[in-house]
Amino acid sequence: MKNIIIVATGGTIAGSGKVGKATNYQAGKINIKEIIDSIPMINEVANLKAIQLFNVDSNEMNEEHWIILANKINDLASQKNVDGIVVTHGTDTLDETAYFLNLTINTYKPVVLTGAMRPASATSADGPINLYQAVCLASCDDALGHGVMAVFSSTIYSGRDIQKISNFKTDAFDQKDFGCLGYMQDHEVHFFSKTFKKHTLQSLFSSQNYNDLPAVGIAYYYAGASHEILYSLALNHQGIILTGSGSGNYS
Ligand code: ASP
């Protein structure tokens, strides 16, 4: 069996609230060991070790968490007896973390993010199946060299292109025009495509050591938007991205 490390960071997959309900819960409450214990058969897929790195709502994630997480993954991946890594994460910023890790991790070993839309206490919680399938994917030889991936609702996504598209459905992510990498059925992994974009070891960023990252703010343009927000962002940011309308236009 493969040796897989689960690095837990919190989110709804570790959420708890009123039994049977999918709303009004607190994310990042339950310990990863408890979540693993609730999943039948997961210990038959791989030798598992769990690390509770954080236990936060993913809206609390920031550049400091990213650097700690990337360093932890790089450290684990450098160990000969580690075959793959699964990261549990809140869904609100899972796509941002996946994108960051896809460019900064220096390993071809599988790194798979997952989470849940329903807390562990809800009826038909989706966390257990998502985590089970993430462990199956991280244990699969075919998963080597795809860059950072995410598994959600039986779909395998590239960390580069995944986007959260629903705030209540369990099938909450998509890759839009780029298509997903593949699908999961129970423990089975079915890949259909591969990204041609640079990631992990081919990425310029994965050979660097980061202690901090420059502060970059994002301003959204909309009809009638005031330019004042740019002055405000300029006060404490080293760069500003202006997301314009159409092909990047603004008044
Ligand atoms: N607010 C939660 C989080 O991102 C939502 C979730 O995990 O689905 O941590």
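Attention here is on the structure that accompanies the text. (Residues numbered from 1 in each chain as written. Predicted model: local features only at pLDDT ≥ 70, side-chain atom pairs only at ≥ 80, totals over all residues. Heavy atoms only, no water.)

In an α-helix, one full turn covers 3.6 residues, which means residues spaced three or four apart are oriented alike. Compared with an ideal rise of 1.5 Å per residue, which puts 15 residues at 21 Å, helix α2 (residues 63–77) spans 21 Å between its outermost C-alpha atoms and is within 8% of the ideal. Of all the residues in α2, the buried ones are His65, Trp66, Ile67, Leu69, Ala70, Ile73, Asn74, Leu76 and Ala77. Looking at the buried side of α2, the elements it contacts are β1 (2–10), β4 (46–56), β5 (84–88), α3 (94–104) and β6 (111–114). Its side-chain oxygen at 2.9 Å from the backbone nitrogen of Glu64, Asn62 defines the N-terminal cap of α2. (Helix = DSSP H or I, 4+ residues; strand = E, 2+ residues; numbered from the N terminus. Expected span 1.5 Å × (residues − 1). Buried < 20%, exposed > 50% of the residue type's maximum accessible area, 1.4 Å probe, protein only. Contact = heavy atoms within 4.5 Å. Polar contact = N/O pair within 3.5 Å; in protein donor to acceptor, adjacent residues only side chain to side chain.)

As a further point, take the side chain of Thr12. Position of Thr12 among the secondary structure elements: in the loop between β1 and β2 (16–17). Among the residues examined, Thr12 registers a relative accessible area of 7% and is labelled buried. A polar side-chain atom of Thr12 sits 2.5 Å from a polar atom in the side chain of Tyr25. Aside from chain neighbours lying at most four places away, what touches Thr12 is Tyr25, Ala27, Gly90, Ala116, Met117, Arg118, Pro119 and Ala120.

All residues in the neighbourhood of the ligand are listed as Gly11, Thr12, Asp57, Ser58, Asn59, Gly90, Thr91, Asp92 and Ala116. In the model, an oxygen atom of the ligand is placed 2.4 Å from a nitrogen or oxygen of the Thr91 side chain. Here an oxygen atom of the ligand and a backbone polar atom of Ala116 are 3.0 Å apart. Compared with its free state, where it exposes 270 Å², the ligand has 93% of that area covered by protein. Of the residues belonging to the shell around the ligand, the class tally is one nonpolar, six polar and two charged. (Near = heavy atom within 4 Å. Areas by Shrake-Rupley, 256 points an atom, 1.4 Å probe, with all protein chains shown as cover. Nonpolar A, V, L, I, M, F, W, Y, C, P; charged D, E, K, R; others polar.)

So, about the state of the cysteines. Summed over the entire model, instances satisfying the criterion amount to zero disulfides. Cys136 takes part in no disulfide bond, and the closest cysteine sulfur to it belongs to Cys140, at a distance of 9.2 Å. Looking at Cys180, it has no disulfide partner, and the nearest cysteine sulfur is the one in Cys140, 15 Å off. Relative accessible area serves as the criterion here: at 17%, Cys180 is assigned to the buried category. (Disulfide = S-S within 2.5 Å.)

With that settled, consider the side chain of Ser139. With respect to the helices and strands, Ser139 occurs in the loop between α4 (127–138) and β7 (149–152). Discounting chain neighbours no more than four positions away, the residues touching Ser139 are Lys2, Ile4, Val45 and Ala46.

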